[in-house]
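Structural features, examined
Below are the chains, spelled out letter by letter.
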Amino acid sequence: MTQATPPQPVEPAYVSVIKRKLLPKTRKPPCSGPAEVRLPLEVLSQVVDVENRRIAPKATGSEWPNLQPYGRTGGRITRPDHRGKTMTSILTNNGAMVALQTLKSINNDLGTVQEQISTGKKVGTATDNAATWAISKTMEADVGAFKQISEGLSVGESTVAVARDASETTTDLLKQMKEKIVQSQSTSNADDRTKIQADISALKEQVSSVVGAAQFNGVNLLKNNSLTAGSGTMNILSSLDRTADGSVDPSYIDVKKADLGTQQQKMGTTAATTGNYITGTAGAINGTTSTTLSTFTIADGTVAAGIGYRISFTVPAGNATAGSGAGAEPPVAGQYNYVARDGDTAKDVVAALAAQINGSGAVSLTAAVGTSDADGNTGLVLDFAADGDGLTVGIAAFTAAGATVGGGLAEMSKIDVTTDAGSEKALAAIDDLIKTSVDAAAQFGTSQNRIETQNNFVGKLTDNLKAGIGSMVDADMEEASARLKALQTQQQLGIQSLSIANQAPGAVMSLFR
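Residues numbered from 1 in each chain as written. Predicted model: local features only at pLDDT ≥ 70, side-chain atom pairs only at ≥ 80, totals over all residues. Heavy atoms only, no water.

Overview of the nonpolar core
Nonpolar side chains tend toward joint burial in soluble globular proteins. Val255, Ile415 and Phe444 are the most contacted members of the largest nonpolar core, which totals 42 residues. At the level of secondary structure, the elements contributing two or more residues to this core comprise helix H3 (130–185), helix H4 (190–213), strand E9 (233–242), strand E10 (248–256) and helix H6 (420–473). Sequence-distant contacts of Phe444, that is, excluding residues within four places in its chain, are made with Val160, Ala163, Arg164, Ser167, Leu221, Leu222, Val255, Lys256 and Ala258. (Core = buried A, V, L, I, M, F, W, Y, C linked by side-chain atoms within 4.5 Å. Buried < 20%, exposed > 50% of the residue type's maximum accessible area, 1.4 Å probe, protein only. Helix = DSSP H or I, 4+ residues; strand = E, 2+ residues; numbered from the N terminus. Contact = heavy atoms within 4.5 Å.)

Considering the packing of aromatic side chains
In the structure shown here, the tally under the stated rule is two aromatic pairs. Seen from their ring centres, Tyr277 and Tyr309 are 6.4 Å apart, and the 80° between their planes marks the pair as edge-to-face. Of this pair, Tyr277 sits in the loop between E10 and strand E11 (278–279) while Tyr309 sits in strand E14 (residues 308–314), and the two are 32 residues apart along the sequence. A single burial state applies to Tyr277 and to Tyr309, both of which are buried. On the basis of an interplanar angle of 65° and a centroid distance of 6.1 Å, the ring pair of Phe313 and Tyr336 is categorised as edge-to-face. (Phe/Tyr/Trp six-rings, centres within 6.5 Å; stacked < 30°, edge-to-face > 60°.)

Looking at the sheet that holds strand E18 (residues 392–398)
Judged by pairing direction, the sheet is antiparallel, and its four strands sit side by side in the order E12-E18-E14-E15 without closing on themselves. Looking along the sheet, the strands with just one partner apiece sit at the ends: strand E12 (283–284) and strand E15 (335–339). As paired elements, E14 and E18 share seven bridges and run antiparallel to each other. In the strand pairing of E18, Ile311 is matched with Ile395. (Pairing = 2+ DSSP bridges.)

Okay, structure coming up:
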């Protein structure tokens with residue numbers, strides 16, 4: 001039995017058909033050949049009876065997609081243009097790559113937020129924000145420096161407070177001593193005066209004990225007898241002033257020492273060139289009918305610890321007297337000496353010499369502190385009365401070698417009320433001693449207030465710097481927590497997207513079943 005030949009299959013990609021019947025009847029083809037169209041198989045299946053190899057009778061050209069005109073009366077139908085559209089590939093998974101990059105970005109942001117939450121800083125390293133990080137580190141260094149400054153100010157304040165308390169205590173003891181001196185003048189009984197003197201001696205020892213113990217961390221502001229330059233002042237670092245160019249200038253509070261010691265002054269053993277330290281015309285004073293003035297100038301730049309200054313008077317004839325002298329032990333009549341301590345100025349030297357001369361009992365002779373010039377040089381102005389004829393003035397200077405700086409309360413050791421003359425002299429000296437102690441206490445009180453004010457300011461400044469640094473580098477925890485939640489959600493969605501994209505190539509397997 002002969003088997004029928006099966007129908008030949010239509011071409012899988014394109015089927016050529018004769019479309020003469022489908023062309024409009026009023027138009028003729030541009031050539032004698034038949035018009036040809038090409039359609040995708042899925043489109044042809046709608047208009048062609050593939051099994052019977054014929055065109056469906058109701059198909060028209062308008063039902064065929066992608067029909068492109070071909071000449072005036074015909075057209076060519078081609079396959080759809082798939083260029084630029086995603087295809088399925090088992091070697092390149094574009095969806096997975098996009099999902100992976102998105103997930104990496106989310107993980108990076110999530111790590112950044114987690115670091116901010118764990119450290120509390122949004123700028124923790126230079127990679128976060130180089131400019132902000134650099135500024136914050138400079139300010140943090142300043143904060144650390146100001147903390148040390150605050151500690152130094154606290155130590156300095158305590159040191160000054162000890163000196164102030166000791167000065168006030170010394171003042172109280174000197175007031176008690178004055179009461180004993182006044183009491184001694186109200187009695188002529190030798191035994192009573194001896195007992196009063198014993199009380200005064202006990203007060204002297206107590207003053208020496210207070211002054212000697214008035215130290216904090218080894219610094220005693222009530223002793224200034226060192227010949228070392230700079231030892232007479234305690235410098236307390238109070239601030240670091242940063243300029244616009246970034247440099248730093250330190251500022252200090254200088255606390256000048258006071259000397260409430262009782263050691264006796266001693267001039268140096270080596271004479272110095274007088275003109276280098278004291279200038280003026282020495283010699284005889286001839287004032288017959290009017291007052292004569294003489295000025296001797298102390299150069300401010302030459303004043304240093306241990307340098308000795310001497311003014312001396314001799315009276316060969318006349319009514320004037322040169323006074324008892326001072327500044328030497330024992331004192332020499334008509335000779336007045338002063339050994340400068342560290343921190344003294346020319347004005348201090350002149351004031352000390354003038355006080356010695358005026359308190360010596362000299363007749364027809366007074367001394368005063370002159371006006372300082374632009375360089376700080378100060379003159380000792382001597383005023384000789386008309387009856388001061390015959391006075392001869394001498395000046396001298398000594399180096400610091402072998403010198404001893406006298407204590408501010410050196411005259412206290414000379415107080416002796418066992419005699420009438422001694423009691424009167426003690427009453428004249430005690431007021432000067434009290435004044436010295438009161439001046440020291442007032443000076444330290446002023447310095448203590450200044451240090452305390454500066455310390456409070458440094459504390460507030462440090463707090464403000466910390467707040468400024470925090471605003472630049474600290475993380476906003478509310479914002480960070482909200483962002484953390486959002487990123488965690490995005491991370492979960494990103495993982496799911498990547499999982500879906502990774503499954504896409506596996507769908508190709510269904511085409512091979």
